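Geometric and topological summary
Below, each chain spelled out in residue letters.
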Amino acid sequence: MKKLPLAITTFEKIRDKQQNYLYVDKTEIAYQLINRGEYYFLSRPRRFGKSLFIDTLSDLFKGKKELFKALAVYEQWDWSVSYPVINISLNTGSFSSESGIIERILDILDRIKNHLGVSCKKKHSIPSCFTELIENVYEKYQQKVVILIDEYDKPILDNITHKETALIAREILKSFYSVIKDNDQYLKFVFITGVSKFSKMNLFSGLNNLTDITTRPEYAAICGYTHHDIKTTFKEHLKEVDLEKLKQWYNGYDYLGGEENRVYNPYDILLFIDNHCEYENYWWGTGNPSFLIKKLQEQNYYIPDLEHIVVSKEILDTFDVEKIDLIALLWQTGYLTFAGKIMKRDKLFYQLKLPNKEIQS
């Protein structure tokens with residue numbers, strides 16, 4: 001029986017034959033994504049597998065052929081070409097001050113520079129340093145550069161209840177991400193992911209070629225496990241489990257891809273199996289965002305009112321430091337999901353619901 005990849009976000013470690021970890025193949029989705037475009041944005045709740053997907057993309061572009069044997073992408077990918085990859089993760093670090101945010105981003109860029117074997121003269125300006133890094137990597141490897149950014153929004157979310165610092169964080173990140181559009185001639189592929197969907201106008205105003213795939217049906221199962229995965233990949237681990245009850249507890253996250261593409265939070269499933277198949281609130285116990293709790297306390301929102309909410313698409317995209325819509329925030333963080341579409345006076349609305357028993361409790 002294969003081992004559970006608990007808390008492992010490194011594709012290479014999961015695919016190590018000696019480790020014998022279980023892996024749900026997402027490489028077909030990765031392949032389709034790469035072949036359809038170049039600039040993407042994805043929002044998913046915490047602990048949904050975003051970091052692992054980014055690491056999968058990274059190893060694919062680096063041409064680590066051995067890791068992909070027997071996976072969907074293996075026979076389709078051109079392994080004769082590899083690309084230099086700039087991996088940026090803002091998942092860790094202190095972002096409580098302007099100096100802390102700047103220092104952390106510059107430190108990340110410095111480590112990438114050392115890893116890829118390039119030097120940069122402009123060390124004290126984030127946009128200048130990032131620009132020079134991209135140009136120098138392109139020159140050294142004589143190949144277009146891949147940029148993968150994980151937890152792009154964390155410096156803002158960490159300060160979401162401290163508006164002044166959050167605004168500072170947004171401006172720093174805005175200048176950081178604007179470099180990407182300016183260096184289009186050097187880039188092969190860009191993928192940015194995080195929990196929230198901040199207004200493009202205020203955070204990605206310079207990156208107007210970014211395709212948001214958060215609610216694209218063909219990418220509904222890009223993160224998380226489908227019920228088909230549960231019945232196949234996890235078959236040996238769930239022999240004695242009532243799969244319908246499991247579905248009611250942990251499935252139900254709908255990103256408009258149809259019933260077969262509704263997903264389980266992977267963290268729930270891995271901990272459920274690891275804990276002898278006991279039903280508990282695993283995701284809530286480890287992944288609840290503190291900034292959401294603070295906002296709920298501030299606004300004194302009546303939780304039962306959340307069932308059967310109908311909102312416009314504009315509401316779900318209304319999220320920024322100056323205007324935080326609580327419904328949008330609950331949807332982005334995984335406490336609400338889609339229940340269906342409604343047309344009213346030629347305008348599209350979405351009906352929302354709680355995904356499953358864990359969230360209800």
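The structure contained in this document is the topic of the report that follows. In this convention, every chain numbers its residues from 1, walking through the sequence in written order. Confidence filtering applies because this is a predicted model: local features only for residues at pLDDT of at least 70, side-chain atom pairs given and counted only at 80 or more, and all residues used for totals across whole chains, interfaces and linings. Excluding hydrogens and water, the side-chain figures rest on all heavy atoms present in the structure.

Further remarks concern the packing of helix 4 (residues 98-116) against helix 7 (residues 163-182). Helix packing geometry: the angle between the two helix axes and the distance between the axes. Throughout, an axis means a line fitted to C-alpha atoms (over the contacting stretch in the case of helices), and angles, computed between N-to-C directions, take values from 0 to 180 degrees. Strands are runs of DSSP state E lasting at least two residues, helices are runs of H or I lasting at least four, and both sets are numbered from the N terminus onward. The contact between helix 4 and helix 7 brings their axes to 9 Å, and the two run at 25°. If you check the angle between helix 4 and helix 7, you find them roughly parallel. For helix 4 against helix 7, the interelement crossing comes out right-handed. Across the interface between the two elements, Glu-98, Ile-101, Ile-102, Ile-105 and Leu-109 of helix 4 pack against Ile-168, Ala-169, Ile-172, Leu-173 and Phe-176 of helix 7. Small angles under 35 degrees read as roughly parallel and large ones over 145 as roughly antiparallel, with 65 to 115 read as roughly perpendicular and the rest as oblique. The sense of a crossing depends on the near helix, which, turned anticlockwise from the far helix by less than a right angle, makes the crossing left-handed and, turned clockwise, makes it right-handed. The contact rule is simple, with two residues in contact once any of their heavy atoms fall within 4.5 Å.

Right, let's get into the pattern of salt bridges. When a carboxyl oxygen of Asp or Glu lies within 4 Å of a side-chain nitrogen of Lys or Arg, that pair is called a salt bridge. Counted under the stated rule, the structure contains 13 salt bridges. A single network of salt bridges, built from pairs that share partners, joins Glu-12, Asp-59 and Lys-64.

Turning next to the sheet that holds strand 9 (residues 337-344). The three strands are arranged 8-10-9 in an open sheet whose pairing can be described as antiparallel. At either margin of the open sheet sits one strand with a lone partner, and together these are strand 8 (310-312) and strand 9. Averaged over neighbouring strand pairs, the angle between their axes works out to 35° when direction is ignored. Strands qualify as paired when DSSP identifies two bridges or more between them. Note that strand 9 and strand 10 (residues 347-353) share seven bridges and pair antiparallel. Each bridged residue has a counterpart across the sheet, and for Met-343 the counterpart in strand 10 is Leu-348.

Residues of helix 2 (residues 27-36) that are buried: Thr-27, Ile-29, Ala-30, Tyr-31, Leu-33 and Ile-34. Tucked inside the fold, the buried residues of helix 2 contact strand 1 (39-43), helix 3 (50-61) and strand 4 (187-194). The cut-offs for exposure are 20% and 50% of the maximum accessible area for each residue type, with area from a 1.4 Å probe on protein chains only; residues under the lower value are buried, those over the upper are exposed, and the others partly exposed.

Looking now at unusual backbone geometry. Among all residues save glycine, negative phi is the norm, and among peptide bonds the norm is trans. The residue His-276 is not glycine, and still its phi comes out positive at about 60°. Examined against the element boundaries, His-276 turns out to sit in the loop between helix 11 (266-274) and helix 12 (282-287). Classification of His-276 as exposed rests on a relative accessible area of 67%. One non-glycine residue, Asp-346, adopts positive backbone phi at about 65°. The residue Asp-346 is located in the loop between strand 9 and strand 10 in this model.

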